[in-house]
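One letter stands for each residue in the lines below.
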Amino acid sequence: MDLESLYQEIILDHYKNPRGKGLREPFQAEVHHVNPTCGDEITLRVEIEDGAVADVSYDGMGCSISQASASVLFEQLVGQRIGQGMATFDEFLALMQGRGTVEPDEDILGDAVAFAGVAKYPARVKCALLAWMAWKDAVAQAVASTPEASA
Amino acid sequence: MTVLHQPVAGLLDFEAVAADFPILARTVRGGNRLVYLDSGATSQKPTAVLDAERSFYTRHNAAVHRGAHLLAEEATDAYEHARQRIADLVGAQPRELVFTKNATEAINLVSYSFSNATAKAQHGRALPDGAERFVLRPGDEIVVTEMEHHANLVPWQEVADKTGAVLRWIGVTEEGRLDLDHPEHGLSVINERTRVVALTHQSNVLGTVTPVGLVAEAAHAVGALVVLDACQSVPHMPVDVEALGADYVAFSGHKMLGPSGIGVLWGRYELLESMPPFLTGGSMIEVVRMEGSTFAPPPQRFEAGVPMAAQAVGLGAAVDYLEGLRSADGALSGMAAVASHEHALTQYALESLTEVPGVRVVGPLDAEARGSAVSFVVDGIHAHDVGQVLDDRGVEVRVGHHCAWPLHRRFGVAATARATFYVYNGPSDVDDLVAAVRHAQSFFGVA
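Calculation criteria
- Residues numbered from 1 in each chain as written.
- Chains lettered and ligands numbered in written order.
- Predicted model: local features only at pLDDT ≥ 70, side-chain atom pairs only at ≥ 80, totals over all residues.
- Heavy atoms only, no water.
- Helix = DSSP H or I, 4+ residues; strand = E, 2+ residues; numbered from the N terminus.
- Rg over C-alpha atoms; globule rule 2.2 N^0.38 Å.
- Buried < 20%, exposed > 50% of the residue type's maximum accessible area, 1.4 Å probe, protein only.
- Contact = heavy atoms within 4.5 Å.
- Areas by Shrake-Rupley, 256 points an atom, 1.4 Å probe, with all protein chains shown as cover.
- Lys, Arg positive; Asp, Glu negative; His and termini not counted.
- Charge placed at Lys NZ, Arg CZ, Asp CG, Glu CD.
- Pairing = 2+ DSSP bridges.
- Axes fitted to C-alpha atoms, helices over the stretch in contact; angles between N-to-C directions.
- Polar contact = N/O pair within 3.5 Å; in protein donor to acceptor, adjacent residues only side chain to side chain.
- pLDDT = per-residue confidence, 0-100.
- Patch = residues over 30% accessible without salt bridge, like charges linked within 9 Å, V, L, I, M, F, W, Y side chains within 5 Å.
- Salt bridge = Lys/Arg side-chain N within 4 Å of Asp/Glu carboxyl O.
- Buried area = accessible area lost by both parts, 1.4 Å probe.
- Nonpolar A, V, L, I, M, F, W, Y, C, P; charged D, E, K, R; others polar.
- Phe/Tyr/Trp six-rings, centres within 6.5 Å; stacked < 30°, edge-to-face > 60°.
- Lys NZ or Arg CZ within 6 Å of the ring centre and 35° of its normal.
- Expected span 1.5 Å × (residues − 1).

(A) Layout of the overall build of chain B. Secondary structure assignment for chain B yields 13 helices and 17 strands. For chain B, whose C-alpha radius of gyration is 23 Å, the value lies close to the compact-globule estimate of 22 Å for 447 residues. With respect to the principal axes defined by its C-alpha atoms, chain B has extents near 75 × 60 × 35 Å. Out of the 447 residues in chain B, the part that is buried amounts to 58%. Here the contacts in chain B between residues at least 6 apart in sequence split such that 71% fall between residues at least 24 apart. Put simply, chain B shows about 17,200 Å² of open surface, and 52% of that area lies on carbon and sulfur atoms. Distance between charge centroids for chain B: 6 Å, based on 33 positive and 53 negative side chains.

Structure below.
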């Protein structure tokens, strides 16, 4: 029942076969985020080129939700313009904080719509957001360090 | 597979006990029976405790230790009677027992005595007689253990930062006991520079009961004070604070069937007397002038403001409830019956969980000198995911680092799932736990 809506096949697939995992060069910013309640952590790097997200690489440990969300983030955000990536981030954040009342927009979120069920479990929302918050932080740092990157 | 037999000896009449806890009758996700295995975080409350709190409010409510009207007298009597009941439970004098908001505050009360005394001494300000032993200087040392809950670790890190003292610690063996013989992180970290030794009585993760007497002897031999975190022992076993050998013992009300919002600090009276105040304000004073104030004797010195009277009364009722318990065979009563019940369940849980391939218990596998916290990892499944599947079947356990992050790092795991048992749990709860763990393995395809 609810367990299947939380752990959708897409999530389990990303968990077992993470896309883009591992730290890579080059990168303009690297951040390390932790979830203090459970100890999950992620190290995430971003490379911005010509105002677009050229690469996101990451490593860390955590539950299926946090690992799968990092993998989905990689698929969804690499290649997007920064502004578009931020819009995707906002859409994902709204979905996660919606307690199950927000209708996800698949055109914007892609595979990330699979996390809709997580929003019904407030204790797991932070797991799903770990990589995304790290990404936003890293992009902000990358943009600040290379002003021309935000073009 | 070995056929395990549910324990019969040493148990409480747990079904009758559970009937006293209204919350245990509710159902949870999917209409499942609630299998509450998180009493190590907080216990459920029997009707007797809820009624005691309600009756305080409906009959006697007033601000205690102030005012002279009838209700103030009754409220003060109820509050002080509760102190007496709790003192009796742990073999203490009531005047040695301070009410705090929780055990964390109780430990901070002691840790702040050190940093406050140190700050006052540095400025040549007045201190109570005997307060020199709370004044720390650079080079002084504080000893903790690697299995501490953050509540008995972080306050000491802060004291070290504020005073220049050095924090040292006793390590943990692979089995999950204090590594007293370790060359660098053994009992020998206690030396003539040691001023405080802070340790847990029973690990909230491993279940390990520590050799307090042995550690206290080493501490006292060099003149150090011993601060004991008894949050996981006082609710679960007979504890006599005088016999333990510690100088301070902290525990919380909500983990022993009492309400939230009340904790207890026991301290030797001569020590409490020589400590500067912690939280200051009303009712902890002796004389107040614009130029400065003097302070009431303990325990009032450490109970600033209008205290949590209803919660104290509720905790007193919890003590009555615990002391009224009898083992099903009638052989044991009170905390001895509680300890026996938990021992039988712990043994059964350890045997049952270790039967499951891919499950590893973090902590002693032997139920001797061990309480009921059973933490475990399931190969291939993160603890959060284990907990989620268990929760889906009504089995409520704790997942994460359980406020003992360094200990988890010691065992190389980010998180564990933890089951803890109490007076209302029975062997079938263990069976439900194990069945749910097997279900998690099949759900995630690792079995």
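The rest of the description comes next.
(B) Layout of the sheet that holds strand 10 (residues 263–267) of chain B. All names here are of chain B. The strand order across the open sheet formed by 7 strands is 4-10-9-8-7-5-6, and the pairing between neighbours is mixed. Edge positions in the sheet fall to strand 4 (97–100) and strand 6 (166–170), since each of these pairs with one other strand and no more. Each strand of the sheet is rotated relative to its neighbour by a mean of 20 degrees, with strand direction disregarded. Pairing of strand 5 (residues 141–145) with strand 6 involves 5 bridges; the strand directions are parallel.

(C) Geometry of the environment of histidine 185 of chain B. Residues and elements named next belong to chain B. Within the element layout of this structure, histidine 185 appears in the loop between strand 6 and strand 7 (194–200). We classify histidine 185 as partly exposed; its relative accessible area is 27%. For the pair histidine 185 and threonine 145, spaced 40 residues apart in the sequence, the C-alpha separation amounts to 8.9 Å. Setting aside its immediate chain neighbours within four residues, histidine 185 contacts Trp169, Ile170, Gly171 and Asp179. A distance of 3.0 Å separates the side chain of histidine 185 from the backbone oxygen of tryptophan 169, its partner in a polar contact.

(D) Summary view of unusual backbone geometry. Proline 26 of chain A follows glutamate 25 of chain A through a cis peptide bond whose omega is -10 degrees. Looking at the element boundaries, proline 26 of chain A is found in the loop between helix 2 (9–16) and strand 1 (29–35).

(E) Main features of the confidence of the model for chain B. Per-residue confidence for chain B gives a mean pLDDT of 96, with 99% of residues at or over 70. Scoring the predicted complex yields pTM 0.94 and, for the interface, ipTM 0.89.

(F) The arrangement of the sheet that holds strand 13 (residues 359–362) of chain B in detail. Residue and element names in this part refer to chain B. The sheet built from 4 strands is open, its strands ordered 13-14-17-16 with antiparallel pairing. Two strands lie at the open edges of the sheet, namely strand 13 and strand 16 (398–400), each paired on one side alone. On average, each strand axis in the sheet is tilted by 30 degrees relative to the strand beside it, whichever way the strands run. Sheet topology places strand 13 next to strand 14 (residues 374–378); 4 bridges connect them, and they run antiparallel. The residue of strand 14 that forms the bridge with valine 361 is phenylalanine 376. The strands touched by helix 13 (residues 427–443) within the sheet are strand 13, strand 14 and strand 17 (416–419), with strand 14 carrying the most contacts at an inclination of about 20 degrees.

(G) Summary view of a negative patch on the surface. Taken together, the side chains of Asp129, Glu132, Glu270 and Glu273 of chain B present a region of like negative charge at the surface. Relative to the assigned elements, glutamate 132 of chain B resides in the loop between helix 4 (103–122) and strand 5.

(H) Spotlight on the interface of chain A and chain B. On the chain B side, the residues contacting the 24 residues of chain A number 16 residues. Roughly 1,700 Å² of surface becomes buried between chain A and chain B when both sides are summed, with 61% attributable to carbon and sulfur atoms. Linking chain A with chain B are 1 salt bridge. Notably, a salt bridge pairs arginine 124 of chain A with aspartate 385 of chain B, separated by 2.9 Å at the nearest N-O pair. On the surface where chain A and chain B come into contact, there are 7 residue pairs in polar contact (both at pLDDT 80 or more). Residue assignment for the side of chain A that touches chain B shows that the elements contributing at least two residues are helix 1 (2–6), helix 2, strand 1, helix 3 (64–77) and helix 6 (122–145) of chain A. With 4 residues, helix 1 of chain A is the largest single contributor of residues to the side of chain A that touches chain B. For the side of chain A that touches chain B, the class distribution of residues is 14 nonpolar, 5 polar and 5 charged.

(I) Geometry of the packing of aromatic side chains. All names here are of chain B. Counted by the stated rule, this structure contains 14 aromatic pairs over all chains. Ring centres 5.9 Å apart and planes at 70 degrees place the aromatic pair phenylalanine 56 and tyrosine 57 in the edge-to-face group. Under the relative-accessibility criterion, phenylalanine 56 is labelled buried at 2%. Seen in terms of ring centroids, phenylalanine 114 and tryptophan 156 are 6.0 Å apart; in terms of plane orientation they differ by 70 degrees. Their pairing is edge-to-face. Taken as a pair, phenylalanine 114 in helix 4 and tryptophan 156 in helix 5 (residues 154–163) lie far apart in primary sequence, 42 residues in all. Residue phenylalanine 114 shares its accessibility class with tryptophan 156, and that shared class is buried. An aromatic cluster is built from Phe21, Tyr321, Tyr422 and Tyr424, whose rings are joined through pairwise contacts. A cation over a ring is seen here: lysine 162 above tyrosine 112, with NZ or CZ 3.9 Å from the ring centre. The ring of phenylalanine 411 is capped by arginine 410, whose NZ or CZ atom sits 4.8 Å from the centre of that ring.

(J) Here's a closer look at the pattern of salt bridges. All names here are of chain A. Following the criterion strictly, the structure yields 22 salt bridges over all chains and no others. The partner of aspartate 55 in a salt bridge is arginine 24, and the shortest N-O contact between them spans 3.0 Å. Placement of the pair is aspartate 55 in strand 3 (residues 52–61) and arginine 24 in the loop between helix 2 and strand 1, with a sequence separation of 31 residues. We classify aspartate 55 as buried; its relative accessible area is 15%.

(K) View of the pairing of strand 1 of chain A. Residue and element names in this part refer to chain A. Going residue by residue along strand 1, you find Ala29, Val31, His33 and Asn35 tucked away on one face and Glu30, His32 and Val34 left uncovered on the opposite face. The pairing of strand 1 with strand 2 (residues 40–49) spans 7 bridges and is classified as antiparallel. In the sheet register, histidine 32 faces strand 2, and the bridge partner there is threonine 43. Between strand 1 and strand 2, which pair antiparallel one after the other, the connecting turn spans 4 residues, and glycine 39 there sits at a positive phi close to 85 degrees.

(L) Expanded view of helix 10 (residues 334–354) of chain B. In this model, helix 10 of chain B (21 residues) spans 30 Å end to end at C-alpha, consistent with the 30 Å of a helix rising 1.5 Å per residue. By the criterion of burial, helix 10 of chain B is predominantly enclosed, with 15 of the 21 residues buried.

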